[in-house]
Amino acid sequence: MSSVLFFIAAIGVLAGAIGVVVLRNPLYCVLALVVHLVALAVLFLLLRAEFVAAIQVVIYAGAVMVLYVFVVAYVGGEAETIGARLRSAGPTGAALRRAGVILAAALLVELLIALLGTGLSAIDGHGAGYTPGPQAYGTPAYIGKLLLTRFLLAFEIASFLLLIAAVGGVVLAGRSTGAVRDAGDAPARGDAPPALAVPPPPELRSAGSMAEGVGGSV
Amino acid sequence: MSTTTYAWLVLAFPLAGMLIVAFGYRVLWGRGAGWIATGAILLSFAASVGALISLQGHDPAHRQIVSTLYHYASTVGVNADMSILVDPLSVFMILVVSGVSTLIHLYSVSYMESDRGFARYFAYLNFFVFAMLLLVLAGNFLLLTVGWAFVGAASYLLISFWYRRTTATRAGIYAFVINVVGDVGMVLGTYFIFKHTHTLDLLGSFHAAGAGAFGHATNNGDLVAGCVMLLVAAFAKSAQLPLHTWLPDAMEGPTPVSSLIHAATMVTAGVYLIARTHVLFELAPSAQDVGAIVGVATLLVAGTIALAQPDIKRVIAYSTMSQIGYMIMGVSVGAYAAGLFHLMTHAFFKALLFMAAGSLIGAMAGEQSLDRMGGFRRALPFTFACFVIGGLALSAIPPLSGFFSKDEILLVTGERGGWHWALYVLGYIGSLLTAIYTFRIIFRAFFGKPVEEASKLEAGVVTHGHPANPATGEAEDTDVGFPGPAHAIAERALPMRIAMSLLALGATGAGLVQIPKVDSVVDDFLRPSFADSSLYATHTKNGLLAVGLAVGAVLGLAGIAIAYRVWVARPGTATVVRERVPALYGLLANKWYFDDALERFVVAPMGALGRLARGGIERVFVDEALVGGTSAIVRAGSAAVRAAQSGFVRYYAALLVLGVAGVSFYFLLQT
Amino acid sequence: MTIAWYLAVSAIVFSLGAIGVMTRRNPLVVLLCLELMLNGGNLALVAFSRMWGDGDGQILAIVVLTVAACEVCIGLGLVVAIYRRRLPIDVDEMRELHG
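Bear in mind the structure is a predicted one, so any value in this text is a computation, not a measurement.

Scanning chain B for helices and strands turns up 26 helices and two strands. Each of the three principal axes of chain B carries a C-alpha extent, and together these read 125 × 70 × 55 Å. Expressed as a percentage of the 671 residues in chain B, the buried residues total 53%.

Structure, rendered in structure tokens:
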């Protein structure tokens, strides 16, 4: 039973991934990623990581992807046209695509060799033993205890990081302060000329120095 | 206070004046810089008088006092002290220098009044006086060289005072370069002398030389070489042949500068040098002969050139050159007191002539050419009177001072006998020329039909021409770096009149201190300095004295008469003469082609050599190979590396993945 | 299924994400593919955590998830800022940081 579920979920994951990479309309890409995320959550459940799966669905597919949908709807970005420009030469053209695919394939092969070709026999098993219970492996209580004891520093830093990201997001996307005009801002008034003209100093008895002679001020 | 304290004060006052003006010009009132500078030199003169009185209080055998302020260094047998030598010769010189300088400062306060570089001018002028006083008070060759170099620098600063005028800056550089040639001579001369006397101290050197450091025969090779090197220094500083070409160009500076530096003080430094080192020169008679011959050659050449120059300041400059020829000839044949006496009287009347010329140029609104001047007698009476007094003194007409001083030089020259008779005769010919060219100026500028500026001035209107370079005529403005808009005329400026009157008094009366057979103030005063000289004692033969004085007076008056006839009685005579002997006139007008020769044989080859070095060597090897090559290599390397920064994010991402794949591949291979 | 299968899936997802980052021109989609790579990593982490039987991998997966959220926030903020300045939304057009 679990094998069947595994295959369904795995196919969902891969299909979503391929969809993100291949689909042209960015909104479709976002939706493909959502499918991918949900399927990944199922895989997590199969691995007994209940809390992580829940987090994945609620936070990732629920909040982050919604944010994505908002931004894609606002910005849009053109659906990429298949045209001569994409087949152009140079660092952005077809050569890069082909090179990219080859490189990633190479990477894949290496990863597979690395992961599966090791002498690690445990990966041929189903994992360590599992005993269900209130604080069993994968439950929220289990994760919570770990976060607040062994991984307290990581927990605190991660929350700090979230704060920074929130502030950063507001600064980046907020309304600019007038130096640069955004789309949608009212047209700026004419700039006042910078007040660089210093009033000339009072006439002092000059010394007849070189600086005066060639045009500087006393 | 002791004598040496007075002497140090003499040095301290101009230095203080310079520092106050240079650093405090912003807080000084209107002409404050000028008054402070003048006051400083006046105090210096007062201290000189104090030094004189104090020195005369010593017993004659003990009138050579050395005072050391600071022991600078002592290494490899060289003792470098900051020490001054106070003896009659230096006191004489500081009196002349500080006295004339005070009057010229006073004159300058009016003359430079509207110039925007007023404070800078007085700072430079005080610096110059300090340097000159340092030179004459120096007690060892080191400080003498320092003073020597400083006056050269001050001369440069003041010649190119109006620095936006290219002719002025060119003249300043020209003067400075020739001065440097002299400085080289100075240092080399010092070396040759030091080699045998092993001391830099002046008195020490003289004692060693007297005691036989150079052997007991005269004309030791090293000593002659050293003295000739010192002569080179003297010739460069005093504008003698062949290092004289800078002096006429130095007239680009303001007129008070010409009067102070290039008439009364700096150019006499050469005379002072020879007089001071007379012990060494007397042991090297060949060097003395060189000095005498160059002196007489200069006085004749300069006198002839002065007959044909159109610019009034340049005529007076050549006159200076000629008179210093007399002085150099004098101190080279042993007429030390006479030469120095002529230095003093010359300072008076030459400074007076320059000041009067400045007033005249002011009336002409900056125009300096004699061709455009005429008939100023009624418009500028005071200036005319000063010109006449100065001219009479210069032409050695009795009873003015020039008569006594110049004739005394020639007298002592004649008494030396032998081939010095030639110098005697040539000196008198020069005297005739002097009278002619001096009164040429006076008759051309003040007699004849009044020019426009003169007529307007008689009506009370001062001409203000458009500001222009008097030499080339190109237009200027009156801002910083150029002369100011106002033109100073003695008749309208009290300080100028005071200064000129005092100098006129000196030019008239200074001769009274050394009338032959009556009194010999200068002689007696200077005797302690020349106690170790074998040539100092003067035995004047009565016959020669009478002949000399009579011939001198007659030649002077004859010169005035010739000038009168050529330029007043029959006005076209000069043009006729010029057309009769065009080659001769060309020789004189082109200053005996010295400038052209220097240009062709020294300046042009140096320029070509410089261009060759620049183009052939420096540009190819240094600029292109070393500097250009290195930077080209760096640039090529960075261009190669820069190609990787294309700016495309996907390209970077691909490189990243490539890198990861590569590293993993490596680690996979390891296992 | 054995843990190895999960690891294989994770490797494939990671490579697919890499292809997407190198190939797509819309920055939003590039960010999405970046998420894919992160998810691939998460899967591997959780799989290994199951293998060892302790929760370290899961904790790290949660932290990765947090970081991914932050990064998405900033990245989208950048894209919005670019859009506001009327520049084209195309990674190939954003190439002023070149040598």
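Additional details are given in the paragraphs that follow.
A common way to express how large an interface is: the accessible area buried when the components associate. According to the domain assignment, chain B consists of domain 1 (3-525 + 554-589) and domain 2 (603-670). Distance between the C-alpha centres of domain 1 of chain B and domain 2 of chain B: 62 Å.

Turning our eyes to something else, we now look at the interface of chain C and chain A. Listed as interface residues are 63 residues of chain C and, on the opposing side, 71 residues of chain A. Mapped by element, the contributors of at least two residues to the side of chain C that touches chain A are helix 1 (3-23), helix 2 (27-52) and helix 3 (56-84) of chain C. Of the residues forming the side of chain C that touches chain A, the biggest block, 21 residues, is contributed by helix 3 of chain C. A breakdown of the residues in the side of chain C that touches chain A according to their chemical character gives 44 nonpolar, 12 polar and seven charged.

With that out of the way, let us pick up the pairing of strand 2 (residues 78-86) of chain B. Residues and elements named next belong to chain B. In the sheet, strand 1 (residues 65-75) pairs with strand 2 via nine bridges, with the strands oriented antiparallel. By the bridge assignment for strand 2, Thr 75 is matched with Val 78. Two successive antiparallel strands, strand 1 and strand 2, enclose a turn made up of two residues, where Val 76 displays a positive phi of approximately 40°.

A few words now on helix 25 (residues 594-642) of chain B. Residue and element names in this part refer to chain B. Here helix 25 contains 49 residues, and its C-alpha end-to-end distance of 62 Å is more than 12% below the 72 Å for a straight helix at 1.5 Å per residue. In the structure, helix 25 departs most strongly from a straight axis at Glu 618, where the bend amounts to approximately 55°. Little of helix 25 is tucked away, with zero of its 49 residues classed as buried.

Our focus in this paragraph is the interface of chain C and chain B. If you look at the interface, chain C gives 11 residues, while chain B gives 10 residues. Classifying every residue of the side of chain C that touches chain B gives six nonpolar, two polar and three charged.

The next subject is the nonpolar core. One broad trend across soluble globular proteins is that nonpolar side chains are buried collectively. All names here are of chain B. Ranked by internal contacts, the top residues of the largest apolar core, which has 219 residues, are Phe 128, Leu 133, Ala 351 and Leu 352. Ranked by residue count, the leading element in this core is helix 15 (residues 336-363), at 20 residues. Setting aside chain neighbours within four positions, we find Ala 351 in contact with Val 100, Ile 104, Ser 259, Ala 263, Ala 264 and Leu 503.

Quick notes on the rules
- Residues numbered from 1 in each chain as written.
- Chains lettered and ligands numbered in written order.
- Predicted model: local features only at pLDDT ≥ 70, side-chain atom pairs only at ≥ 80, totals over all residues.
- Helix = DSSP H or I, 4+ residues; strand = E, 2+ residues; numbered from the N terminus.
- Buried ≥ 20, exposed ≤ 12 C-beta atoms within 10 Å, placed from the backbone.
- Domains from an automatic or database assignment.
- Contact = placed C-beta atoms within 7 Å.
- Nonpolar A, V, L, I, M, F, W, Y, C, P; charged D, E, K, R; others polar.
- Pairing = 2+ DSSP bridges.
- Expected span 1.5 Å × (residues − 1).
- Bend = angle between axes of the 7 residues up to and from the residue.
- Core = buried A, V, L, I, M, F, W, Y, C linked by C-beta atoms within 7 Å.

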